[in-house]
Amino acid sequence: MKQIWQALKAHQQAVEHRPILDLFADPRRAESFSTRLDDMLFDWSKTNIDHTARDLLIDLAGAAGVSQKRDAMFAGRKINETEGRAVLHTALRNMDRPVLVEGQDVTAGLRETHARMQAFAHDLREGRFTGQGGRITDVVNIGIGGSDLGPAMACLALAPYADGPRCHFVSNVDGAHIHDTLKDLDPATTLVIVASKTFTTIETMTNAETARRWMERRVANPAAQFAAVSTAADRTAAFGIDASRVFGFEDWVGGRYSMWGPIGLSLMIAIGPEDFDAFLSGGAAMDRHFREAPFAENLPVLLALVGIWHNQICGHATRAVLPYDQRLARLPAYLQQLEMESNGKRVAMDGHELALHSGPIVWGEPGTNGQHAFYQLIHQGTRVVPCEFLVARDGHEPDLAHQHLLLVSNCLAQSEALLRGRSLDEARAILAKKGLTGTELERQARHRVFPGNRPSTTLAYPKLTPAMLGRIIALYEHRVFVEGVILGINSYDQWGVELGKELALALQPMLEGRAGTEGKDGSTRQLIDFLGR
């Protein structure tokens, strides 16, 4: 592998200043550097990856053992080595084929839990399960991290399909979040879902207790309007939640990969079991493609290789995710966790520090809002930010098709502008037509130069349906996996979140004045004195 890395770096240095636009002298450039899965198109032709780079990147994936690791994952082997666990979120959307964990087929249990979720969702949506004030009108999902970001993102994304109770999401331990969420709801017609595998997550359980006290003010039996997504049956029972409303999932489903199962209960209630199953089917279709397509035609592999080229080879530290779809407003935040918690590591599987940078900084905002915020830096800043555009051909509002056409036009214009830029001569010509001359023309022209030659990819599809969203999320999940394998890291643990939690538990009594601040640095002591009670 070392030789391939070296060859890639040498090639990148040789073509670093080559205009990407020059690659389009090949009339087949766009076709050769695009990949399709049915009606989904991934266009990565607006990057500086040429045939040589592509071949080397595919060789890199082969040398890293991506195929073998992929097959091991789907077979239920314990590829999460630091925690001794299998990685089988894919089984949640592929329940019709046997999946073995330590020799036991786990799909029967998955189907049973899924059927219970469907029955509960149907009962609630059709008014058979009610609150103590009548039909359930609102659902509040209390979770954090993977227990919040996935379903919150998906409920917004699939709003056109949401014909069930209104869904709300509370994650932050900041009391303002739950206060502002509950203040306009009726406790008697609200269901609260507490999503915590261990039922001990401090932020989630603090908010759950607050929700229970809020419920107590109006209903005789608050726990009757709670459900739980948890494996801690003893703790959910102690909270008062009936076992029929507790939905568990195994330790081989990581939090940020979990909305395909019980963590997606709020989504299932919002859009209905049928559309939720379409969402699962979309993810399963991407799984099949990932397992069967050769690397040169494999969307997750190619998306990952583009990421490796931009981050580890070209040295671009960030990646902007730019969905031209207002309902995908939470997708960048969802992908921040998926990618940065998975691949934000500094130690390889063998325990040695990485010789390369690990995952990139992921950020973004929907278009066209981002155009009036941070695109200035993307176009004219001193750092190159690879951009990943997502756009649908059609919206869900036929009477507003003219606005969707304007949206798509803006998306395509931005990727073209990043590619082409504007030269100094072009800027001079524009200003000359406006009557500027001499030194003022020269000064103003320099402010209107766009360097261009900035890479982007575009993922295009007909419409954002439940099945299409499932394909998109599974695509990014597998992209993270492939990048992790190539970097030699474990994408499925997250030890980096632990230290802050431990310190917070020790700091709370100090802020309350119940413990001394010995051993704390001067800055922390000063802040405790200023902020403490």
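See the structure shown above.
Residues numbered from 1 in each chain as written. Predicted model: local features only at pLDDT ≥ 70, side-chain atom pairs only at ≥ 80, totals over all residues. Heavy atoms only, no water.

A.B. asks: I'd like a description of the sheet that holds strand E9 (residues 190–195), backed by residues and values.
C.D. replies: On the basis of which strands lie adjacent, the open sheet formed by five strands has the order E8-E7-E9-E10-E11 and parallel pairing. If you trace the sheet from one side to the other, it starts and ends with strand E8 (166–170) and strand E11 (246–247), each paired once. Where strand E10 (residues 226–229) and E11 come together, two bridges link them in parallel fashion. Bridged to Ala228 within E11 is Val246. Its contacts with the sheet place helix H7 (residues 175–182) against strand E7 (138–142) and E8, and it is angled at close to 165° to E8. (Pairing = 2+ DSSP bridges. Helix = DSSP H or I, 4+ residues; strand = E, 2+ residues; numbered from the N terminus. Contact = heavy atoms within 4.5 Å. Axes fitted to C-alpha atoms, helices over the stretch in contact; angles between N-to-C directions.)

A.B. asks: Give a description of the packing of helix H11 (residues 273–292) against helix H18 (residues 466–487) that names residues and reports values.
C.D. replies: The geometry of H11 relative to H18 is characterised by a closest axis approach of 7 Å and an angle of 40° between their N-to-C directions. Considering the angle they form, H11 stands oblique to H18. Of the two possible hands of crossing, H11 and H18 adopt the one that is right-handed. Seen from H11, the contacting residues are Asp275, Ala278, Phe279, Gly282, Gly283, Met286, Asp287 and Phe290; seen from H18, they are Pro466, Ala467, Leu469, Gly470, Arg471, Ala474, Leu475, His478, Phe481 and Val482. In terms of residue class, the contact of H11 with H18 is made up of eleven nonpolar, four polar and three charged. (Parallel < 35°, antiparallel > 145°, perpendicular 65-115°, else oblique. Left-handed = near helix turned anticlockwise from the far one by under 90°. Nonpolar A, V, L, I, M, F, W, Y, C, P; charged D, E, K, R; others polar.)

A.B. asks: Which residues make up the pairing of E9, and what values do they have?
C.D. replies: With six of six residues buried, E9 lies mostly within the body of the structure. Where E7 and E9 come together, five bridges link them in parallel fashion. Looking across to E9, one finds that Val140 is bridged to Val192. Pairing between E9 and E10: four bridges, direction parallel. Within E10, the residue paired with Ile193 across the bridge is Ala227. Viewed along the sheet, the connection from E9 through helix H8 (residues 202–216) into E10 turns out right-handed. (Buried < 20%, exposed > 50% of the residue type's maximum accessible area, 1.4 Å probe, protein only. Right-handed = clockwise from strand over helix to strand, strands pointing away.)

A.B. asks: Describe helix H15 (residues 401–420), listing the residues and the values that go with them.
C.D. replies: The periodicity of an α-helix, 3.6 residues per turn, causes residues three or four places apart in sequence to face the same way. Helix length check: H15 (20 residues) gives 28 Å between terminal C-alpha atoms against 28 Å at 1.5 Å per residue, within 8%. Among all positions of H15, only His404, Leu407, Val408, Asn410, Cys411, Gln414, Ser415, Leu418 and Leu419 are buried. Along its buried surface, H15 packs onto strand E12 (318–324), helix H14 (375–380), strand E14 (387–392) and strand E15 (456–461). Two residues or fewer after H15 comes Gly421, characterised by a positive phi angle close to 65°. (Expected span 1.5 Å × (residues − 1).)

A.B. asks: So what's going on with the pairing of strand E2 (residues 40–43)? Which residues, and what values?
C.D. replies: Alignment of strand E1 (residues 34–37) against E2, held across four bridges, turns out to be antiparallel. Bridging across to E2, Leu37 finds its partner in Met40. Hairpin geometry of E1 and E2 is characterised by an intervening segment of two residues between the two adjacent antiparallel strands and by a positive phi of about 55° at Asp38. Looking at chain direction, E2 and E15 are connected through three bridges and run antiparallel. Among the inter-strand pairings, Asp43 is bridged to a residue of E15, identified as Thr458.

A.B. asks: A description of the layout of surface pockets should follow, citing residues and the corresponding values.
C.D. replies: In this structure, the largest pocket occupies an estimated 1200 Å³ of space. Surrounding the largest pocket, 39 residues form its lining, Thr201, Gln494, Val497, Glu498 and Lys501 being those nearest its centre. Those elements that provide at least two residues to the lining of the largest pocket are H8, helix H13 (331–343) and helix H19 (498–511). Among the elements that make up the lining of the largest pocket, the one with the highest residue count is H19 (six residues). Taken as a whole, the second largest pocket spans an internal volume of roughly 430 Å³. The wall of the second largest pocket is formed by 21 residues, among which Asp325, Gln326, Glu397, His404 and Leu407 lie closest to the centre. Per-element accounting of the lining of the second largest pocket gives the leading share, five residues, to H15. Residue composition of the lining of the second largest pocket, by class: seven nonpolar, nine polar and five charged. (1 Å grid on protein atoms, 1.4 Å probe; cavity = no way out; pocket = protein on both sides within 12 Å on 5 of 7 lines; lining within 4 Å. Points joined across faces, edges and corners; volume = space filled by probe spheres on them.)

A.B. asks: If you had to explain unusual backbone geometry to someone new, which residues and values would you point to?
C.D. replies: Of note, the amide linkage connecting Gly367 to Thr368 takes the cis form, showing an omega dihedral of 10°. Within the fold, Thr368 resides in the loop between strand E13 (361–364) and H14. Its identity is not glycine, yet Asn453 carries a phi of approximately 55°, on the positive side. Looking at where Asn453 falls in the secondary structure, it is placed in the loop between helix H17 (438–447) and E15.

A.B. asks: Report on a nonpolar patch on the surface, specifying residues and quantitative values.
C.D. replies: Together, Leu511, Leu527, Phe530 and Leu531 line one region of the surface with nonpolar side chains, adding up to about 430 Å² of accessible area. If you tally residues by element for the nonpolar patch, the top one is helix H20 (residues 522–531), at three residues. Relative to the helices and strands, Phe530 is located in helix H20. (Patch = residues over 30% accessible without salt bridge, like charges linked within 9 Å, V, L, I, M, F, W, Y side chains within 5 Å. Areas by Shrake-Rupley, 256 points an atom, 1.4 Å probe, with all protein chains shown as cover. Salt bridge = Lys/Arg side-chain N within 4 Å of Asp/Glu carboxyl O.)

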